[in-house]
Every structure is written in structure tokens, then in C-alpha cells.
Amino acid sequence: MESDEQGEGERQDAGPRPEDEPGSGVVAAFGRQLKLLRVRAGLERPEFGKLTGYAGQSIASFEQGRRIPSPRFIDRADEVLDAGGVLKALKDEVGRAQYPAFFRDMARLEAGAVGLCVYAAHAVPGLLQTEDYARAVFRMQRPLLDDDVIEQRLAARMVRQDIFTRRPPPLLSFIIEEVVLRKPIGGLTTLREQLEQILLVGQNRNVEIQVMPTDREDHAGLGGPFNLIDTAEGPRIAYTEVQDDNRLYTSAGKIRELEARYGILRSQALTPCESLAFIEELLGEK
């Protein structure tokens, strides 16, 4: 995270928003609407649960805003309750609530990105993580996350990986520190599966994965990890995050600075072909 003051064209999340608090925000509003429609239909929670494939206890959690419903549940509930699209209209907003507050703007931008550059210095980028690796990352967070929150965020992270099957495909570039690929997060089996996943994704023609060797004397990324996002609507946006605090940059000067930094990192890292070969060698060591 840069320590300079926020400049013109830059904006930073300023703490919790209403939807972050249990029982409030869009999730709570959805829950109240769901309950009204269920009562209007004359259905008890257990009965409604059977029709939608969920337990009555889960329905109660949805209605009370304590649990975020999946898109599949929202679609089914709208049909069962003959809601005429009222519940489906909230699906995108409810979906964004799956992410922690500091990441929601980035998730929205990422979902519509035509290009993405990611420099990762601490862990494998979320877009490349396997389910087991991502779960291990969430379980290590402090303060500890509730099991329900872990599963909720895990599901949201896996959904983000739809970016690899999007058409037309966005151009994706990842630079990952060698040390990240050696950290046995989740155990050696999980790490091995994670390396295999990176190799698999790296075969896509729209994806370039580069490894930054630890023994490099010159290194342009000492300021920490960052992302560059290309959107169809406008110019590039930059995103930085540290200790659950984030910042989005839109000013031309800051974007040029980070673009130059990323370009230098690409020149200092192994080439994509060298990087995939390096990861194969790491797999042979595991």
C-alpha cells in the first residue's frame, strides 16, 4: 500500500458500509422481501425449504439476513413464490455482498474487465486458487472467520474464476513470487494440486503466468502487490490491498507509475514458457 495521501481521481474505501453489518443492508432487505412473499404464498419454512431444496433452518437464516443465498436459490425461490422477478432483480446486489467490504469494488471491476494484470507477493492470486488452497487461506485469517463466512467467501472466490471461460476472453497476466509457490499453505498435497492448477490455467492462450525468482538482484515490486484492471468503459484502474485495507486509483499519473512498475517486473521475471517449466520442476520436488 502506498503511504502518500489520496490524490485527485483516486478513492479509497472508508470503512464498513451498511450492508456489512448482520441484519442490515441488501441481504437483510432481500430476507424481508423473501419472508413477505413466502407468507403471502401461505408456505411454512419447512414446506418452502423442500420446494427449493433447502432446510427450514436455512430459510430462516436467509429471511433474517444471517446468511447470503446462492443465485440458484434466488432463481428457484422467485419461481416457487411466483415473485415475477422481484427476487431475481436483487441477485447481483446480493451476490456482491458475498465479498468482504474492502473487496467489493474490485470484484465488480474484475467481473467486467477486458484485461487484468496481477502481481502477487504473498499468496497465489485468488483467481488461480484451488478450492482447498483458498479454504486454507481463509482458515488462516485472523481474527478467525466463522465457518459459514469461510464457505460463503470460498464460494464467491470460485465464482470469480468464471473469468477464464468468459467470451470474448479477457487478457490476463500474472506475476507470482517464487516464494509464494513454495509456501505449503494447506499442506504439501494442497500445494501440489495448486501448482498443477496454475500449470493448467497457464495453457490458456489469453493467460500469461510469470514467476519472479527469489535470487533476482533487481526487483521493481518492493512496494507490494497490486492489480491493473482494463475495463471496456474507460481507462485503466489500479487496485492495491494490504491488511484488509484497499485503494482504487484512477489518476493518470498513478496509473502510469504502476504500469511502468509492472512492465519492469515482467522484464525481470521468467518468461511465461520458462515459468511453466519452473513450476513443473517444483512439482518434481514435491
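Details of the structure are given in the entry above.
No experiment lies behind these values; they were computed from the predicted model shown.

Participant: Sorry, what's going on with the overall build of the protein here?
Facilitator: Each helix and strand counted, the protein has 12 helices and seven strands in total. Against the 2.2 N^0.38 benchmark of 19 Å for 286 residues, the protein shows a C-alpha radius of gyration of 21 Å, consistent with a compact globule. Going through the 286 residues of the protein one by one, you find that 46% of them count as buried. Sequence-distant contacts in the protein: of pairs separated by 6 or more residues, those separated by 24 or more amount to 71%. On the protein, roughly 14700 Å² of surface is accessible, and the fraction owed to carbon and sulfur atoms is 51%. Distance between charge centroids for the protein: 5 Å, based on 37 positive and 46 negative side chains.

Participant: Which parts of the structure should I look at to understand helix α12 (residues 272–285)?
Facilitator: An α-helix turns once every 3.6 residues. As a result, residues three or four positions apart point the same way. Taking 1.5 Å of rise per residue, 14 residues should cover 20 Å, and α12 covers 20 Å from first to last C-alpha, within 8% of that figure. Contact partners of the buried residues in α12: α9 (178–182), α10 (188–201) and β4 (207–212).

Participant: Would you mind showing me how to read the side chain of T130 here?
Facilitator: Inspection of the secondary structure puts T130 in the loop between β2 (113–120) and α7 (131–139). What makes T130 buried here is its relative accessible area of 12%. Those residues in contact with T130 that sit more than four places away from it in its chain are M158, E193, Q194 and Q197.

Participant: How should I be thinking about helix α4 (residues 71–80) in this particular structure?
Facilitator: Along α4, the residues that are buried comprise F73, I74, A77 and D78. Seen along its axis, α4 keeps its buried residues to an arc of 130°; they face one direction. If you follow the buried residues of α4, they end up packed against α1 (25–40), α2 (45–52), α3 (56–63) and α5 (91–96). D82 lies just past α4 and shows a positive phi near 50°.

Participant: Before we go on, may I ask you to explain the pairing of β4 in this structure?
Facilitator: Here is the key point about a regular strand: its side chains alternate between the two faces of the sheet. Judged by how many residues are buried, β4 sits mostly within the fold: five of six residues are covered. Here strand β3 (residues 171–177) runs beside β4; their pairing, made up of six bridges, is parallel. From the neighbouring strand, E177 faces β4, where its bridge partner is M212.

Participant: Can you help me understand the pairing of strand β5 (residues 226–231) in this one?
Facilitator: Where burial is concerned, most of β5 is hidden: five out of the six residues are buried. Relative to β5, β2 is paired through six bridges, and the arrangement is antiparallel. Within β5, the position partnered with C117 by the bridge is L228. Pairing of β5 with strand β6 (residues 237–242), which is carried by three bridges, proceeds in the antiparallel orientation. When the bridges of β6 are listed, N227 appears paired with Y239.

Participant: Explain the packing of α2 against α3 here, please?
Facilitator: Any two packed helices are characterised by the angle at which their axes cross and by the distance between the axes. Remark: α2 packs on α3, axes separated minimally by 8 Å, with the N-to-C direction vectors making an angle of 100°. The orientation of α2 with respect to α3, classified from their angle, is roughly perpendicular. Contacts from R45, P46, F48, G49 and T52 in α2 reach G56, I59, A60 and E63 in α3. Counted by class, the contact of α2 with α3 contains four nonpolar, three polar and two charged residues.

Participant: Explain the pattern of salt bridges to me, please; I cannot follow it from the model alone.
Facilitator: Between side chains of opposite charge, a pair can form when the charged atoms approach closely. For the coordinates displayed, the defined rule picks out 17 salt bridges. Between R266 and E208 there is a salt bridge, with the nearest N and O atoms lying 2.3 Å from each other. Here R266 is found in helix α11 (residues 252–268), whereas its partner E208 is found in strand β4, with 58 residues between them in sequence. Relative accessible area serves as the criterion here: at 33%, E208 is assigned to the partly exposed category. Overlapping salt bridges, with partners in common, bring together E131, D132, R135 and E151 in one network.

Rules of the game
- What you see as residue numbers is a count from 1 along each chain, following the sequence as written.
- Confidence filtering applies because this is a predicted model: local features only for residues at pLDDT of at least 70, side-chain atom pairs given and counted only at 80 or more, and all residues used for totals across whole chains, interfaces and linings.
- Calculated side-chain values reflect all of the structure's heavy atoms, with hydrogen atoms and water omitted.
- A helix here means a DSSP run of H or I that spans at least four residues, while a strand means a run of E at least two residues long, and both kinds are numbered starting from the N terminus.
- Note that the radius of gyration is over C-alpha atoms, with the globule rule given as 2.2 Å times the number of residues to the power 0.38.
- With a 1.4 Å probe rolled over the protein chains alone, any residue whose accessible area is under 20% of its type maximum counts as buried; one over 50% counts as exposed, and the rest are partly exposed.
- We call two residues contacting when some pair of their heavy atoms lies within 4.5 Å.
- Working definition of accessibility: Shrake-Rupley area with a 1.4 Å probe, residue cover restricted to the visible protein chains.
- Lys and Arg are tallied as positive, Asp and Glu as negative. Neither His nor the chain termini are counted.
- Lysine's charge is taken at NZ, arginine's at CZ, aspartate's at CG and glutamate's at CD.
- Between the first and last residue of a helix there are one fewer steps than residues, each counted as 1.5 Å, and that sum is the expected span.
- Here the arc refers to the set of directions running from the helix axis out to each C-beta atom.
- Whether two strands pair depends on DSSP finding at least two bridges between them.
- In this description, a line fitted to the C-alpha atoms serves as the axis of each element, helices being fitted only across the stretch in contact, and the angle between N-to-C directions of two axes falls anywhere from 0 to 180 degrees.
- Each angle is binned into one of four classes, with values under 35 degrees roughly parallel, values over 145 roughly antiparallel, values of 65 to 115 roughly perpendicular, and all other values oblique.
- Ten residue types, Ala, Val, Leu, Ile, Met, Phe, Trp, Tyr, Cys and Pro, are classed as nonpolar, four, Asp, Glu, Lys and Arg, as charged, and the remainder, Gly among them, as polar.
- For salt bridges, the criterion is a side-chain nitrogen of Lys or Arg within 4 Å of an Asp or Glu carboxyl oxygen.

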